[in-house]
Amino acid sequence: MGTKDNAVLDQGFDGIEPMVFESQISVPYSWWAGDTATYFLKGLRDEKKIRALKCTSCGKTYIPPRKTCPVCFVPNTEWKDLSGTGTVQSFTIARRQLAAISKKVPVIYALIKLDGADTAMLHYIEGISPEKMKIGMKVQAEFAEDRKGTIQDIAFFKPVKEV
Amino acid sequence: MAKRVAIVGTGQTFHKSHRPDVNGQELINEAVQAALKDADIKISDIDAIIIGNMDHFEGINYVDCWSIDGSGGFMKPVIKITTGGTTGCSVAIGGYHLVASGLFDRVLIIGWEKNSESDTTGAITTAFDPIWDRLVFAGAISGLAAEAQAYMARYGATEKDGARVSVRDRKHALNNPHAQLRKEITIDEVLASPMLADPIHLLDVCPRTDGAAAVIMASEDSAEKITSSPDWIWATSNRHSYSYLGDADYGRLTSMREASQDLFKKGGIKEPRKEIDVIELYQPYSFGGIIWIEDMGIIGPGEGPRYIGEGNTDMGGELPINPSGGVISCNPIGATGLIRCCEAAMQVMGKADQHQVPDVNFAVSTGFGGCWWTDMILHGKKKPGK
Ligand SMILES: [Zn+2]
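Residues numbered from 1 in each chain as written. Chains lettered and ligands numbered in written order. Predicted model: local features only at pLDDT ≥ 70, side-chain atom pairs only at ≥ 80, totals over all residues. Heavy atoms only, no water.

Things to note about the interface of chain B and chain A
Part 1 of the argument: Taken together, the contact between chain B and chain A spans 42 residues of the former and 44 residues of the latter.
Part 2 of the argument: Summed over both sides, the interface between chain B and chain A buries roughly 3,600 Å², with carbon and sulfur atoms accounting for 66% of that surface.
Part 3 of the argument: Measuring nitrogen to oxygen at the nearest pair gives 2.7 Å for the salt bridge that ties Asp198(B) to Arg95(A).
Part 4 of the argument: Elements with a contribution of two residues or more to the side of chain B that touches chain A: β1 (5-12), α1 (24-39), α5 (120-125), α6 (140-155) and β5 (195-197) of chain B.
Part 5 of the argument: Tallying contributions element by element places α6(B) first for the side of chain B that touches chain A, with seven residues. (Contact = heavy atoms within 4.5 Å. Buried area = accessible area lost by both parts, 1.4 Å probe. Salt bridge = Lys/Arg side-chain N within 4 Å of Asp/Glu carboxyl O. Helix = DSSP H or I, 4+ residues; strand = E, 2+ residues; numbered from the N terminus.)

Dropping the structure here:
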């Protein structure tokens, strides 16, 4: 397996300290949400409504809303208003602060299947101590005061009953 | 009809957390030279090259071109395949397709990563939808943690069951000179290591690694002239299951279930637990080692903790898994899937030295990506029938 040859390469820098180069690149992007997602996000922002799209062929209700049913390949045309309550399918508690996590840890992330939907939504849970989190618990959406037309217009989900 | 295809040589670097002594092409070259030496052929014998690594990891996006000084691709057909975590397995599947097509006889396949050169979480985040998932994304480990949490709730498994898998893989790594982490750990040490995202501790997950792997595939026209012990590719399969993170069935890897059924059907495997002799599983965290072999059909749902706890997947057990030490001991991501393929090939060819499983007729190698997609290869000692 070339073991001996590579062992030589592995022994160090031959007295040469390798130089390192830092990136100077910043590549900004912007993404068009498209009319389907925009309709959903405006509903969140302007009416505090969570809307899903239903496939009239297989009956599956998608959130995020899909313009076309990925299974049946027909346009989804039936918008449904959801109540904003749902069930925790799974969750985790992020304990380590990463740049990707905008809140202070511990942060509870959950997959929430909203009542009336067939797919789950990834979001935060607040208003409960991490130790009390359980799969199957009922939660409801809490809207942000200041809404900007993003998925974070739902500030978080909280338990339906006081725990 | 498609040509039958075999792996005739493999090569790997000695994987480390940092390789500041070499740039990317030089790292790639180490693996390529090792594979050529293993097959005892020259770079001029290679008809085409497939190379892959993780998008955004080194910030170099024309790797197929940029790497030719190391890959040997000068004035050869070179294509890049990159599919996230599954990249290393996808390049192998791509190589198999090229050789099976009859258009290329000998193809060099390369997977590599200098994980030390990137912001891993930042780069991985680019795999997720910017409007729906990224704003509430918590890093790759949190997705895996949600899978483990759902599995535990469904089947009553414990953190200790996960830890047992890490202990197995780290022990196996002691016998693999190419692995990065070669120090034994205990269940107590896993459970005492920092909690990253419940129920996943630091020692339940893979490290970050710099490394490269290379595989040489040849058609039935030349494979047996190159080596007397080729590793025949019996079948490959891959499956994708979601667009958005909330679409998956947390607690089960449905892409693994579907890909396995397809793979074993193509390969004529009826009882995988009996017929497969060794598995190199792309398992970046401990619970994947339990959940995914259930989805593979090796054992039934919920049976993993006991099966593994009894030592069946240890070296010397009924069905050894990850004799190399697996991903938990070493994870240069773009190379990781191809390392699984290398290791499975080495087992079939009888070249795995201290971590050789005796009498391997069939081996399985896998790739796992992003969250929840699966690539698989069925390797065999016997030449497949036409
Ligand atoms: Zn449908």
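Remarks on the coordination of the zinc ion
Residue and element names in this part refer to chain A.
Part 1 of the argument: Protein coordination of the zinc ion is provided by Cys55 (SG), Cys58 (SG), Cys69 (SG) and Cys72 (SG), with donor distances spanning 2.3 to 2.4 Å.
Part 2 of the argument: Taken together, the four donor atoms coordinating the zinc ion and their angles of 104 to 116° define a geometry best described as tetrahedral.
Part 3 of the argument: Classification of Cys69 by relative accessible area gives buried; the value is 0%. (Donors = N, O, S within 2.8 Å, 3.2 Å for Na, K, Ca; no water. Tetrahedral: all angles 85-135°; square planar, octahedral: opposite > 155°, others 65-115°. Buried < 20%, exposed > 50% of the residue type's maximum accessible area, 1.4 Å probe, protein only.)

Remarks on the pairing of β1(B)
Residue and element names in this part refer to chain B.
Part 1 of the argument: Of all eight residues that make up β1, eight are buried, and the element is covered over most of its length.
Part 2 of the argument: Of the strand pairs in this sheet, β1 and strand β7 (residues 210-219) are connected by seven bridges, and their pairing is antiparallel. Note that in β7 the partner of Ile7 across the bridge is Met217.
Part 3 of the argument: Bridge count between β1 and strand β8 (residues 231-239): two bridges; the pairing is antiparallel. Bridge pairing in β8 places Ile7 opposite Asp231. (Pairing = 2+ DSSP bridges.)

Focus on the nonpolar core
Part 1 of the argument: One finds Ile50(A) and Ile125(A) to be the most contacted residues of the largest nonpolar core, which totals 128 residues.
Part 2 of the argument: Setting aside chain neighbours within four positions, we find Ile125(A) in contact with Val88(A), Ile108(A), Ala110(A), Ile112(A), Met133(A), Val139(A) and Phe157(A).
Part 3 of the argument: With 26 residues, the next largest nonpolar core counts Ala48(B), Cys89(B), Val91(B) and Ile93(B) among its residues. (Core = buried A, V, L, I, M, F, W, Y, C linked by side-chain atoms within 4.5 Å.)

Some details on the packing of aromatic side chains
Part 1 of the argument: For the coordinates displayed, the defined rule picks out twelve aromatic pairs over all chains.
Part 2 of the argument: Between Tyr285(B) and Trp292(B), the ring centres sit 6.1 Å apart and the planes meet at 65°, which makes this aromatic pair edge-to-face.
Part 3 of the argument: Overall, Trp292(B) belongs to the buried group, its relative accessible area being 0%.
Part 4 of the argument: By way of ring pairs, the aromatic residues Tyr250(B), Tyr285(B), Trp292(B), Phe368(B) and Trp372(B) are connected into one cluster.
Part 5 of the argument: Above the ring of Tyr124(A), the side-chain terminus of Lys103(A) is found at 4.4 Å from the ring centroid. (Phe/Tyr/Trp six-rings, centres within 6.5 Å; stacked < 30°, edge-to-face > 60°. Lys NZ or Arg CZ within 6 Å of the ring centre and 35° of its normal.)

A closer look at the confidence of the model for chain A
All names here are of chain A.
Part 1 of the argument: Model confidence for chain A is summarised by a mean pLDDT of 90, while 91% of its residues fall at 70 or above.
Part 2 of the argument: Helix α1 (residues 3-9) is the least confidently modelled element of chain A, averaging 45 in pLDDT, while strand β7 (residues 138-143) averages 98, the highest of any element.
Part 3 of the argument: Here residues 1-9 is a poorly scored stretch, pLDDT under 50, and it has 17 contacts once near neighbours within four places are set aside; other chains count. (pLDDT = per-residue confidence, 0-100.)

Things to note about the sheet that holds strand β1 (residues 50-54) of chain A
Residue and element names in this part refer to chain A.
Part 1 of the argument: Taken in spatial order, the three strands of this open sheet run β2-β1-β3, and their pairing is antiparallel. Only two strands of the sheet have a single partner each, and these edge strands are β2 (61-62) and β3 (78-82).
Part 2 of the argument: Here β1 pairs with β3 via five bridges, running antiparallel. In the sheet register, Ala52 faces β3, and the bridge partner there is Lys80.
Part 3 of the argument: Across the sheet, helix α2 (residues 34-47) touches β1 and β3, and the angle it forms with β1 is around 155°. (Axes fitted to C-alpha atoms, helices over the stretch in contact; angles between N-to-C directions.)

A few points about the sheet that holds strand β4 (residues 106-114) of chain B
Residue and element names in this part refer to chain B.
Part 1 of the argument: One open sheet holds the nine strands; their spatial order is β3-β2-β4-β7-β1-β8-β11-β10-β9, and the pairing between them is mixed. Two strands bound the open sheet, and with one partner strand each, they are β3 (78-80) and β9 (278-280). Across the sheet, the mean angle from the axis of one strand to that of its neighbour is 25°, orientation sign disregarded.
Part 2 of the argument: The strands touched by helix α14 (residues 333-349) are β1, β2 (48-52), β4, β7, β8, β9, β10 (362-369) and β11 (373-380); relative to β1, the strand with the most contacts, the crossing angle is about 115°.

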